[in-house]
Amino acid sequence: MTLTLLLMFGLKQPALGLSLPQHRLWAGCRFASLSMLARRSRRRGPAAVPRPPRVLQRSDSGVPEIAACHPEQYDKLLSSKVASMVQLVTGAVAAGSSSASEPQTTELPAIEVFESARTNFRMRASFQIWREGAGLHYVMFNRGDSRTPHEVRTYPMGSPRLSELMGPLIEGLAASEELRDKLNDVRLLTTSTGDALVTVTYNRPIGGGAWEAAARELAEALGVCVVGRSRKVKVVIGCETVEERLSVPGRGECVYLQTEGAFTQPNAQVCSAMLGWAVDATRGLDGSDLCELYCGNGCFTVALAPNFRRVVATEISKASVALAEANLKANGVSNTRVARLSAEEFVEALAGGRPFRRLDEAGVELASYDRLHTLLVDPPRAGLDQTSRALAATFARVVYVSCNPETLARDLAQLSATHTLTRLAAFDQFPYTPHLECGVVLERRPARPAAAGGGGERKRRRDKDERKEKKKKKHKSEHKHKKSKQKHKEKDGHKERKRRRDSD
C-alpha cells in the first residue's frame, strides 16, 4: 500500500530531500496504510487453523459407500421412502380438504410403485479426478463429507456401457500428458442404445492442436464423443449429442436426443415406466388440449402428445427449447408448439395481461386453445410457485410429477381445496438414496347445485338478506343525495338574499 501511494504521488523517501509538507504527506500516507492493515487484521479475526491435507481413501472393493449397491436391502429402503411420501401426501390432502367448500374424503387411491433395477441403473455419472504423479484416479465424496476423497475403481450403479468405459478411459487420459495435465473432473453420459459422451474439464486453457489431437485419438479408440471444457472454452470432438430410445408402455418407442450439459433422466428403465404411467393417466383425452410447464427437452411432451388434440409447452431455457423441438421432430410429432416462457409469463399471457413476441415466434395463439383442460407439470425441486399453483387450480385435470415429496405435499395442500387426488405413484429413480420421484393426478370437483330442503332454505334466506342489504344501501344513498340537494338549495337561497341586500 505504501509503495502504491508513493508511485501515485511521485514521492521519494524523506531522507532524500523532501520538503516539510511533502514529509508530512509521506508520514500521513504511511500511517494511513498501517491503519488500514490493522483494521483488516481485526476484521479477519484470529488466524484460522490450517486444515489437514487431503488423503485419498482406498478400499478393497474399490467402491465408496455413496456408490455402493445393496440389493438385499432394496425392498426395505424403498418401502421406507414410499411410507414417508404417503405420510406427507396424506397430511397435505387432509389439510387441503378441510378448507374445501364441501366435506371431502381424505382416503388416498391405491399407490402404484415402480421399482428400479438393483444394479447398473444409472445412465450418467460424474467423477472428480485425483492425481498421483502421472497416475489418475476417479474419486467421489460420501454424503456430508466433502473433504475426504474415496477412490472409485468400479461403479456398480453405472449402466453396462458406462462401467465398460471407466477403465479404458482413465488409462487413456493418464497415458497422455496433454490430456492428464490439470484435469479436474470427468462426466459420462450413456444410452441404452450404446452411445456414449465423455466430458472432461480442466483448470487450465485447452483448445490447442496438441490437446485436440490427443482427445481425437482417445475418442476413436473408445468409440465415444468427447467434449473438453476449460474457462470460457468448449471443444467438441466428434459430436456433443447422443441418442436414447425408450420403449414407453402404451406409446411405443420414443427417440430422445441428449446434449452435453443438458438435464436427462438418470434411470432409463424407471423413466420409461414413468412416461408409461403418464400416458395411461391421460388416455381418452384426444378431444382436448394439453398445457405443459417446465417441459425441458420434451421428455413427457413427446410421449403424451398423441393423447391430445394439441399441446402447448413452455420452458425457460433456450437450449432446452431447441432440444425439445428437435425431439418432437425426431418423433414425427406435429400437434405441439414449444414457447420459451417462464411459468409466470405464461400465466400472464393466458390471462391476456400482455402479449409476448416469443409466443408469436413459436406459432402459439392462446385464444385458439379453447379446450385447454389438462395441465402437466414437472417442476424442479422447489415445486410450483404461487402463480403456478393458482393456474393449476383452474384446470379440470392436473398431472403433477415431482422429484421432491415435501414440495409436492405443500402444493397439494392448496390444490386439494379444489381438486380430488385420483392417482398416486412412486418412481424409484434413485435407489439407495433418500430421493423419490412421485406422480399424482388431480381432478377438479364439479360445482355442486344447491341441495333440497335445508340447503335451499339457507340459500333463500341468504338471498333475502342480500336484498334487504341492497335496499338499505339504496335508501341510505337516496337520503344522502336528498340531504345534499337541500343543502345546495339553502346555499343558493342565502346567495340570492345577499344579492338583494347589496342591490338595495
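Given the structure is predicted, the values throughout are model-derived calculations rather than measurements.

As a further point, take the nonpolar core. Soluble, globular proteins show a tendency: their nonpolar side chains are buried together. Counting residues in each nonpolar core, the largest one holds 85 residues, and the members touching the most others are Tyr155 and Val186. Excluding anything up to four places from it in sequence, Tyr155 contacts Ala67, Arg122, Ala125, Phe127, Met140, Leu162, Ser163 and Met166.

Here the focus is the pattern of salt bridges. Within this structure, the stated rule accounts for 25 salt bridges. Between Asp411 and Arg389 there is a salt bridge, and its shortest N-O distance comes to 2.9 Å. In this pair, Asp411 is assigned in helix 13 (residues 405-415) and Arg389 in helix 12 (residues 386-392), connecting sequence segments 22 residues apart. Accessibility expressed as a relative area gives 0% for Asp411, which makes it buried. Salt bridges sharing common partners tie together Arg58, Glu132, Glu151 and Arg153.

Another aspect to go through is the confidence of the model for the chain. For the chain, the mean per-residue pLDDT works out to 85, and 78% of the residues sit at or above 70. Below pLDDT 50 for its whole length, residues 1-32 participates in 19 contacts with residues either more than four positions away or in separate chains. Note on residues 450-459: pLDDT is under 50 here. Beyond four places in sequence and across chains, it has 2 contacts.

As for its placement among the helices and strands, Glu244 is situated in strand 9 (residues 241-248). Buried and without a salt bridge, Glu244 has Arg245 as its closest oppositely charged side chain, separated by 7.8 Å. Among the polar contacts listed, one links the side chain of Glu244 to the side chain of Ser192, at a separation of 2.4 Å. With residues up to four places along the chain from it excluded, the contact list for Glu244 reads Met123, Thr191, Ser192, Thr193, Cys254, Val255, Tyr256, Gln258 and Ala268.

Taken as a whole and assessed by the stated rule, the structure comprises 1 disulfide. Note that Cys225 is cross-linked by a disulfide to Cys239, the S-S spacing being 2.3 Å. When the S-S torsion is 70°, as for the bridge of Cys225 with Cys239, the disulfide is right-handed. With Cys225 in strand 7 (residues 225-230) and Cys239 in the loop between strand 8 (233-237) and strand 9, the pair connects residues that are 14 residues apart, well separated along the chain. What makes Cys239 partly exposed here is its relative accessible area of 27%. Here Cys438 stays unpaired: no disulfide links it, and the sulfur of Cys403, its closest cysteine neighbor, is 9.0 Å away.

Sheet strands associate in pairs through backbone hydrogen bonding, adopting either a parallel or an antiparallel arrangement. Spatially, 1-16-17-15-14-11-12-13 is the arrangement adopted by the 8 strands of the open sheet, whose pairing is mixed. Edge positions in the open sheet fall to strand 1 (111-114) and strand 13 (336-339), since each of these has one partner strand only. Each strand of the sheet is rotated relative to its neighbour by a mean of 15°, with strand direction disregarded. Across the sheet, helix 7 (residues 268-281) lies against strand 1, strand 15 (397-402), strand 16 (419-427) and strand 17 (437-444), angled at about 160° from strand 16, the strand it touches most.

Taken in spatial order, the 7 strands of this open sheet run 4-3-2-5-6-7-8, and their pairing is mixed. Of all strands in the sheet, those with a lone pairing partner are strand 4 (150-151) and strand 8, marking the two edges. Strand direction decides the pairing type here: strand 5 (residues 183-190) and strand 6 (residues 196-202), joined by 7 bridges, are antiparallel. When the bridges of strand 6 are listed, Leu188 appears paired with Val198. On top of the sheet, helix 6 (residues 209-222) reaches strand 6, strand 7 and strand 8; it is set at about 40° to strand 8, its chief contact.

Criteria and thresholds
Residues numbered from 1 in each chain as written. Predicted model: local features only at pLDDT ≥ 70, side-chain atom pairs only at ≥ 80, totals over all residues. Heavy atoms only, no water. Core = buried A, V, L, I, M, F, W, Y, C linked by side-chain atoms within 4.5 Å. Buried < 20%, exposed > 50% of the residue type's maximum accessible area, 1.4 Å probe, protein only. Contact = heavy atoms within 4.5 Å. Salt bridge = Lys/Arg side-chain N within 4 Å of Asp/Glu carboxyl O. Helix = DSSP H or I, 4+ residues; strand = E, 2+ residues; numbered from the N terminus. pLDDT = per-residue confidence, 0-100. Lys, Arg positive; Asp, Glu negative; His and termini not counted. Polar contact = N/O pair within 3.5 Å; in protein donor to acceptor, adjacent residues only side chain to side chain. Disulfide = S-S within 2.5 Å. Pairing = 2+ DSSP bridges. Axes fitted to C-alpha atoms, helices over the stretch in contact; angles between N-to-C directions.

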